[in-house]
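Descriptive structure summary
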Amino acid sequence: MTPVGRARRPKESSVEKHDRRSSGGSGAGTIQPTARDIYSEVQRGAAFREVRRRYRRFAFPAAAAFLLWYLAYVVTAIAAPGLMARQVAGALNVAMLAGLAQFATTFLLTWAYARHARLHRDPAALELRWAVTLETRQDPAPVPGSAPGLPPARRAGLPALRRRGER
């Protein structure tokens with residue numbers, strides 16, 4: 001219970017405490033946005049929505065198709081055991097082929113997901129992450145060609161970044 005005339009202060013998160021400490025703590029001078037403000041702004045931005053849209057456009061249909069394929073296999077095994085027992089070649093029957101096809105489609109879907117992410121989402125997500133990192137970092141501007149966000153001792157041993165296909 002709070003005494004009369006005193007307003008109760010909202011509890012401060014650890015992110016807000018860190019931002020207050022790293023900006024000098026007194027609140028004097030320029031007002032810098034907190035990390036929470038920056039992340040909220042990024043989530044409302046068009047670039048973030050585009051990355052999410054690209055993810056959803058692949059993941060939801062792919063998951064639905066795979067789930068339907070799996071359920072069709074299970075339902076067919078239960079509802080039509082004669083069909084599943086039909087011999088294809090030697091001891092190989094339809095059920096065994098469909099079971100092996102489940103494994104094949106799992107690997108195919110994993111490959112397709114990784115490829116889609118690498119080609120369609122990762123570049124945009126990395127660009128967005130880089131912009132947020134530059135906005136939220138507390139150290140001075142980096143030297144051109146260095147790796148921002150890493151301590152100087154770790155930057156020294158990093159090779160120069162190259163695009164794929166460059167030598």
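Criteria and cut-off values
Along each chain, residues carry numbers from 1 onward, in the same order as the chain's sequence is written. Residues qualify for local features only when their pLDDT is at least 70, as the model is predicted, and side-chain atom pairs are given and counted only at 80 or more; totals for whole chains, interfaces and linings, by contrast, use all residues. Water and hydrogen atoms play no part in the side-chain values, which are based on all heavy atoms of the structure. UniProt positions are given in the numbering used here, feature names are shortened, and annotations may be inferred rather than shown by experiment. Runs of E in the DSSP output that reach at least two residues are strands. Runs of H or I that reach at least four are helices, and both are numbered from the N terminus. For salt bridges, the criterion is a side-chain nitrogen of Lys or Arg within 4 Å of an Asp or Glu carboxyl oxygen. Each residue is placed in one exposure class: buried if its accessible area under a 1.4 Å probe, protein chains only, is under 20% of its type's maximum, exposed if it is over 50%, and partly exposed if it falls in between. Axes here mean lines fitted to C-alpha atoms, for a helix over just the part in contact, with angles spanning 0 to 180 degrees between N-to-C directions. By the definition adopted for this analysis, an angle is roughly parallel if under 35 degrees, roughly antiparallel if over 145, roughly perpendicular if from 65 to 115, and oblique otherwise. When residue character is reported, Ala, Val, Leu, Ile, Met, Phe, Trp, Tyr, Cys and Pro are called nonpolar, Asp, Glu, Lys and Arg charged, and the others, Gly included, polar.

- Identification of the protein chain as DUF485 domain-containing protein from Streptomyces roseoverticillatus is taken from an unreviewed UniProt entry.

1. Structural notes on the UniProt feature "transmembrane region" (unreviewed entry) in the protein chain
- UniProt tags residues 58-80 and 92-114 as "transmembrane region" (unreviewed entry).
- Taken as a whole, residues 58-80 contains 96% helix and 0% strand, while its terminal C-alpha atoms sit 32 Å from one another.

2. Details of the pattern of salt bridges
- Summed over all chains, the structure comprises two salt bridges.
- Linking Arg 54 and Glu 50 is a salt bridge whose minimum nitrogen-to-oxygen distance equals 3.0 Å. Of the two residues, Arg 54 and Glu 50 are both situated in helix H3 (residues 46-79); the distance of four residues between them amounts to about one turn of the helix.
- On the accessibility criterion, Arg 54 (29% relative accessible area) is partly exposed.
- Look at the salt bridges and you will find they share partners, linking Glu 50, Arg 53 and Arg 54 into a network.

3. Topic: the packing of H3 against helix H5 (residues 94-136)
- Running from N to C, H3 and H5 cross one another at 180°; their axes reach a closest spacing of 10 Å. When the axes of H3 and H5 are compared, the pair comes out roughly antiparallel.
- For the contact of H3 with H5, a count of residues per class yields 19 nonpolar, six polar and two charged.

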